[in-house]
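Close look at the chain arrangement
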Amino acid sequence: MHWRATAPIANYSVHKAVASQVDWSALREDFPILREQAHGHPLIYFDSAASSQKPRPVIEALRNFYEHDNANVHRGLHTLSSRATEAYENARRRVAEYIGAACGDEIIFTRGTTESINLVAQAWGGKFIREGDVILLTVMEHHSNLVPWQLLAERTGARLRFVPVLDDGTLHLEQLDSLLTPEVKVFAFTHISNSLGTINPVAELCTKARAVGALTLVDAAQSAGHMPLDVQELGCDFLAFSGHKMCAPTGIGVLYGRAELLESMPPWHGGGEMIVSVTLEKSTFKKPPHRFEAGTPTIAGAIGLGAAIDYIEAIGRSAIFEHDSELARCAAERLTELPGIRIFGPSQERGALVGFVMDAAHPHDLTTFADQYGLAMRGGHHCNQPLMRRFGVSGTTRASFYFYNTMEEIDRMIEILHGAVRFFS
Ligand SMILES: Cc1ncc(COP(=O)(O)O)c(C=O)c1O
């Protein structure tokens, strides 16, 4: 891999590296797809908030698994099955380390953030939520952190309550104390908004929730691959994220849960791998995390996620955060050069994305226009329909960044958008 920080690659705790020590353009060489063209133009990939690209070490880890170790895990007594099991369980331990969990048993592999949140809503919510209880969410939640709770509320008679979003794209924290009443049993919120880029004060929100006895679930889909993150420091009870947004393959994700909570939860999917014994009438179940992983898991995906974590850690998450935030800050600033533009989200600190609308064109038309010049952005509601409604728009155009993006690409985006203004006016 191509990186030029001073710390050794093998040292996984290098997240103190600063952005200036990393040769960001050399890192691009690790991503073969960045050499692709679209409509005859060099690809500019500004859609990493939807799904990131994959570096060669991750692709090689998948290939290596299938070429040398492939077999089903846990129930085999042969060499390949032992190797596959070891690699799969090592990946679990690696994830635990990455997010500061106490041990691998607190890590459940899922298909992604959506499945992780559904798991909590069904297994924990199904057992502990009663009629009259309150589920506290925010207006900026992705549908993944909204619909599972709506389904739970419908089933149980619980009520949903929402922390409003202010005009600057931050949460209305002054209202939080009056919303966090003792009836609130769980407060589920996003770490970084996928449409606004707002970075929520997770530790503060968790402390406040704990004070009224509410559990917390953090949707870390937009933060896990972009910044240092430690579940014990944050003080959250559950945390969910997706591998595919942080250099890993699709189909693998994580649910972190505090050990005693996972222990208290019944299974949600039944099947192989999650049982201790089965009679025709009844079954007993394994301890977490295996209780929650019915059927053959996404073995190669978990191994790919482990490789992605190694890759990200070798660069350093602080450096990545610094680099990506600077791109987002510059993009937001440069976008103001365009006529008839409205930019969403906080003007100060923001995650690695910027959402905007231009008077000249609908987000879908603008995104289609940009694609003609090789620029991949996303236009639409970004699975944030209530948030779009809050801001009085049907959708936005979103440019989202990762460590393989450059300032030159932002210059080119601005040029293309100037062209769009001319074309659509
Ligand atoms: C904040 C947030 N939450 C949840 C999700 C859902 O992730 P997945 O589709 O990988 O389950 C996304 C994906 O865009 C997201 O941005």
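Since the structure is predicted, the reported quantities are computational estimates derived from the model, not experimental observations.

Things to note about the side chain of S144
With respect to the helices, strands and loops of the structure, S144 is situated in the loop between strand 5 (134-138) and helix 5 (147-156). Only 2.9 Å separates the side chain of S144 from the side chain of T114, close enough to count as a polar contact.

Some remarks on the sheet that holds strand 6 (residues 159-163)
Here seven strands make up an open sheet; going across it, the order is 4-10-9-8-7-5-6 and the pairing mixed. Of all the strands in the sheet, the pair left with one neighbour each is strand 4 (107-110) and strand 6. Strand-to-strand twist of the sheet, defined as the mean angle between neighbouring strand axes without regard to direction, takes the value 20°. Two strands pair when backbone bridges link them, and strand 5 and strand 6 are joined in this way by five bridges, in the parallel orientation. Across the sheet, the residue bridging to L136 is R161, located in strand 6. Packed on one face of the sheet, helix 7 (residues 202-211) meets strand 7 (184-190) and strand 8 (215-219) and runs near 175° to strand 7.

Details of the nonpolar core
I99, L239 and F403 are the most contacted members of the largest nonpolar core, which totals 78 residues. With eleven residues, the top contributor of residues to this core is helix 10 (residues 299-315). Beyond its immediate chain neighbours, meaning those up to four positions away, L239 contacts I99, V218, A220, L229, V231, L234, V254, L255 and Y256.

Some points on the site of the ligand
What surrounds the ligand is the set T113, T114, H142, S144, T190, N194, D219, A221, Q222, S242, H244 and K245. The separation between an oxygen atom of the ligand and a polar main-chain atom of T113 is 3.4 Å. One nitrogen or oxygen atom from the side chain of Q222 is found 2.7 Å from an oxygen atom belonging to the ligand.

Re the pairing of strand 17 (residues 396-400)
The side chains of a regular strand alternate, residue by residue, between the two faces of the sheet. Counting buried positions over the five residues of strand 17 gives five, a clear majority of the element. Of the two faces of strand 17, both are covered, the one formed by T396, R398 and S400 as well as the one formed by T397 and A399. Where strand 14 (residues 353-358) and strand 17 come together, four bridges link them in antiparallel fashion. Residue pairing for strand 17: V354 is matched across the bridge by A399. Across three bridges, the pairing between strand 16 (residues 378-380) and strand 17 is antiparallel. Paired with G379 across the strands is T397, a residue of strand 17.

Overview of the pattern of salt bridges
Any two side chains of opposite charge can pair if their charged atoms end up close together. In total, this model carries 24 salt bridges according to the counting rule given. Note that R94 is salt-bridged to D310, the shortest N-O span being 2.5 Å. Here the residue R94 occupies a position in helix 3 (residues 79-99), and D310 occupies one in helix 10, the gap between them amounting to 216 residues. Its relative accessible area of 25% is what places D310 among the partly exposed residues. The shortest N-O distance in the salt bridge between R161 and E183 comes to 3.7 Å. Note that R161 is positioned in strand 6 and E183 in the loop between helix 6 (176-179) and strand 7, a separation of 22 residues in sequence. R161 sits in the buried class, given a relative accessible area of 19%. Taken together, the shared-partner salt bridges connect D47, R378 and R398 into one network.

What counts and how
Chains are numbered independently. Their residues run from 1 in the order of the written sequence. The predicted nature of this model means local features are confined to residues of pLDDT at least 70 and side-chain atom pairs, given and counted, to a pLDDT of 80 or more, with totals for whole chains, interfaces and linings taken over all residues. The basis for every side-chain value is the complete set of non-hydrogen atoms in the structure, without hydrogens or water. Only DSSP runs of H or I with at least four residues qualify as helices, and only runs of E with at least two residues qualify as strands; both kinds are numbered from the N terminus onward. Polar contact is the term for a pair of N or O atoms within 3.5 Å; when the atoms are in protein, one must be able to donate a hydrogen and the other to accept it, and sequence-neighboring residues count only if both atoms are side-chain atoms. Here a strand pair is declared whenever DSSP counts at least two bridges between the two strands. Note on geometry: axes are C-alpha line fits, over the in-contact stretch for helices, and angles between N-to-C directions span 0 to 180 degrees. Contacts are residue-level and defined by heavy atoms, with any inter-residue pair within 4.5 Å sufficient. The definition of a nonpolar core used throughout is a set of buried Ala, Val, Leu, Ile, Met, Phe, Trp, Tyr and Cys residues joined through side-chain atoms within 4.5 Å. Only protein chains enter the accessibility calculation, which uses a 1.4 Å probe; a residue whose area is less than 20% of its type maximum is buried, one above 50% is exposed, and one in between is partly exposed. The nearness test applies per residue and asks whether one of its heavy atoms lies within 4 Å of the molecule or strand. Salt bridge, as applied in this entry: a Lys or Arg side-chain nitrogen positioned within 4 Å of an Asp or Glu carboxyl oxygen.

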